[in-house]
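Residue strings, one per chain:
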Amino acid sequence: MNTFQTFKFYKTKKRVSLFFSALLISTFVTFLIFAAFSKDIIVTQITPGLSVGIIWGVGVIVFAMILTLAYALWANAFQDKLSKFLLEAKKMPKAGKKRPVRG
């Protein structure tokens, strides 16, 4: 495996993790902005004891769990295989160099 492939692997890993992080942070910040500046929407009662804010807060937590599951599935399907391949390629001797014989 050459340096370009290794760089591409780490670039993809960084891009995916930043994408998932941005999704979660934007969802949470949107919730906080509505809680701070639009309290009339957040406190709107759907049923007695259940407001829009409670449902939205639980939705943020469920969304975080879904994003974590999606990232774990992606990592297990692609990232772990590529990491293993990179480690195997790193252990291989370079062309033209001989390993010392132990004995």
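Just so it is clear, the model here is predicted, and its values are computed rather than measured.

What counts, and where the lines are drawn
Residues numbered from 1 in each chain as written. Predicted model: local features only at pLDDT ≥ 70, side-chain atom pairs only at ≥ 80, totals over all residues. Heavy atoms only, no water. Phe/Tyr/Trp six-rings, centres within 6.5 Å; stacked < 30°, edge-to-face > 60°. Helix = DSSP H or I, 4+ residues; strand = E, 2+ residues; numbered from the N terminus. Buried < 20%, exposed > 50% of the residue type's maximum accessible area, 1.4 Å probe, protein only. Core = buried A, V, L, I, M, F, W, Y, C linked by side-chain atoms within 4.5 Å. pLDDT = per-residue confidence, 0-100.

*Asks:* Kindly report on the packing of aromatic side chains, identifying the contributing residues and their values.
*Replies:* According to the stated counting rule, one finds 5 aromatic pairs in the structure shown. Ring plane angle 70° and centroid distance 5.7 Å describe the contact between Phe 31 and Trp 56, whose orientation is recorded as edge-to-face. Within this pair, whereas Phe 31 is found in helix α1 (residues 3-37), its partner Trp 56 is found in helix α3 (residues 52-91), the two being separated by 25 residues in sequence. Judged by its relative accessible area of 17%, Phe 31 falls in the buried class. Residue Trp 56 is classed as partly exposed on the basis of its relative accessible area of 24%. Considering the side-chain rings of Tyr 71 and Trp 74, the 5.7 Å spacing of their centres and the 35° angle between planes classify their relative orientation as tilted. Of this pair, Tyr 71 and Trp 74 both sit in helix α3, 3 residues apart, which is roughly one turn of the helix. Looking at Tyr 71, the relative accessible area reads 26%, which means it is partly exposed.

*Asks:* Residues and numbers for the nonpolar core, please.
*Replies:* Formed by Val 16, Phe 20, Leu 67, Trp 74 and Ala 75, the largest nonpolar core amounts to 5 residues. Elements supplying a minimum of two residues to this core: α1 and α3. The element best represented in this core is α3, accounting for 3 residues.

*Asks:* With reference to specific residues and values, describe the confidence of the model for the protein.
*Replies:* For the protein, per-residue confidence averages 83 on the pLDDT scale, and 81% of positions sit at 70 or higher. Model confidence for the protein, summarised as mean pLDDT per element, is weakest for α3 at 85 and strongest for strand β2 (residues 50-51) at 93.

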